[in-house]
Amino acid sequence: MMSSLHLLPIPHAYFMFVWSFLTSYGLIHDGMPADEALHVLTSDFWSWKLREFPELATTEGIHDYDDKLESYSYSNFDLRLAYCKELLAELDIVNKTSLSRENRLTYDVLKDQLNTFIHGYEWKE
Ligand SMILES: *[C@@H]1O[C@H](CO)[C@@H](O)[C@H](O)[C@H]1NC(C)=O
């Protein structure tokens, strides 16, 4: 499996993503309205899922990722875990109380999904 990984194209954008991640993700900042901060985190998580799980994107009717195989990114196992932990840490900064009622639900769903990913990965280790 390892040897075949070298043959698969990894988009430049992916390295940019990894780079920005390694140099502190910092998607949200102090003073950002809670609803806006939540929107930034939710959008990032959605884009991340489409990038990491192209087969999911296809299921969702988004075909930009059809040519990529999910398996190539299994080598990024640790990065996935780190990403989810970082996003969860950022979500914890968002003041849930000041979110709109609808966004409080979104907040819970996002948090639940991140915890599911994180615990799923920790089981495999
Ligand atoms: C969170 O938001 C609520 C409502 O806007 C506010 O009363 C509270 O002080 C905020 N908490 C923090 C820790 O900023």
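Residues numbered from 1 in each chain as written. Predicted model: local features only at pLDDT ≥ 70, side-chain atom pairs only at ≥ 80, totals over all residues.

### Re the overall build of the protein chain
Then step 1. Each helix and strand counted, the protein chain has six helices and zero strands in total.
Then step 2. Starting at the N terminus and walking to the C terminus, you meet the elements of the protein chain as α-α-α-α-α-α.
Then step 3. Counting across all 125 residues of the protein chain, residues that qualify as buried make up 14%.
Then step 4. Of all intrachain contacts in the protein chain linking residues separated by at least 6 positions in sequence, the fraction that spans at least 24 positions is 60%. (Helix = DSSP H or I, 4+ residues; strand = E, 2+ residues; numbered from the N terminus. Buried ≥ 20, exposed ≤ 12 C-beta atoms within 10 Å, placed from the backbone. Contact = placed C-beta atoms within 7 Å.)

### Things to note about helix H5 (residues 77–93)
Then step 1. Its 17 residues place the ends of H5 25 Å apart at the C-alpha level, agreeing with the 24 Å of an ideal helix rising 1.5 Å per residue.
Then step 2. Looking only at H5, the buried set comprises Tyr83, Cys84, Leu87 and Leu91. Here the buried residues of H5 occupy an arc of 95 degrees about the axis, which is enough to place them on one side. Of the exposed residues in H5, the ones pointing more than 90 degrees away from its buried face are Asp78, Ala89 and Asp92. (Expected span 1.5 Å × (residues − 1). Arc of directions from axis to C-beta.)

### Focus on the confidence of the model for the protein chain
Then step 1. Chain-level pLDDT for the protein chain is 76 on average; 61% of the residues reach the 70-or-more range.
Then step 2. Here residues 1–10 is a poorly scored stretch, pLDDT under 50, and it has four contacts once near neighbours within four places are set aside; other chains count.
Then step 3. Low pLDDT, under 50, characterises residues 19–24; the stretch is placed with two contacts to residues that sit more than four places away or in other chains. (pLDDT = per-residue confidence, 0-100.)

### A look at helix H3 (residues 34–52)
Then step 1. Between its first and last C-alpha atoms H3 spans 27 Å; for 19 residues at 1.5 Å apiece the expected length is 27 Å, and the two agree.
Then step 2. Of all the positions in H3, only Ala37, Leu38, Leu41, Phe45 and Glu52 are classed as buried. Buried residues in H3, looked at end-on, bunch into an arc of 100 degrees, giving them a common side. Turned more than 90 degrees off the buried face of H3, the exposed positions are Glu36, Ser43, Trp46 and Ser47.

### Focus on the nonpolar core
Then step 1. In this structure, Leu41, Leu87, Leu91, Leu110 and Leu114 are the most contacted members of the largest nonpolar core, which totals 13 residues.
Then step 2. Looking at this core, the elements that each hand over two or more residues are H3, H5 and helix H6 (101–124).
Then step 3. With sequence-adjacent residues up to four places away left out, Leu87 is seen in contact with Leu41, Asp44, Phe45 and Leu114. (Core = buried A, V, L, I, M, F, W, Y, C linked by C-beta atoms within 7 Å.)

### Structural notes on the packing of H3 against H5
Then step 1. Across the interface, H3 lies against H5 with an axial gap of 11 Å and an inter-helix angle of 170 degrees. Put simply, H3 runs roughly antiparallel to H5. Contacts between H3 and H5 involve Leu41, Asp44, Phe45, Trp48 and Glu52 on the former and, on the latter, Arg80, Tyr83, Leu87, Glu90 and Leu91.
Then step 2. Considered class by class, the residues forming the contact of H3 with H5 number six nonpolar, no polar and four charged. (Axes fitted to C-alpha atoms, helices over the stretch in contact; angles between N-to-C directions. Parallel < 35°, antiparallel > 145°, perpendicular 65-115°, else oblique. Nonpolar A, V, L, I, M, F, W, Y, C, P; charged D, E, K, R; others polar.)

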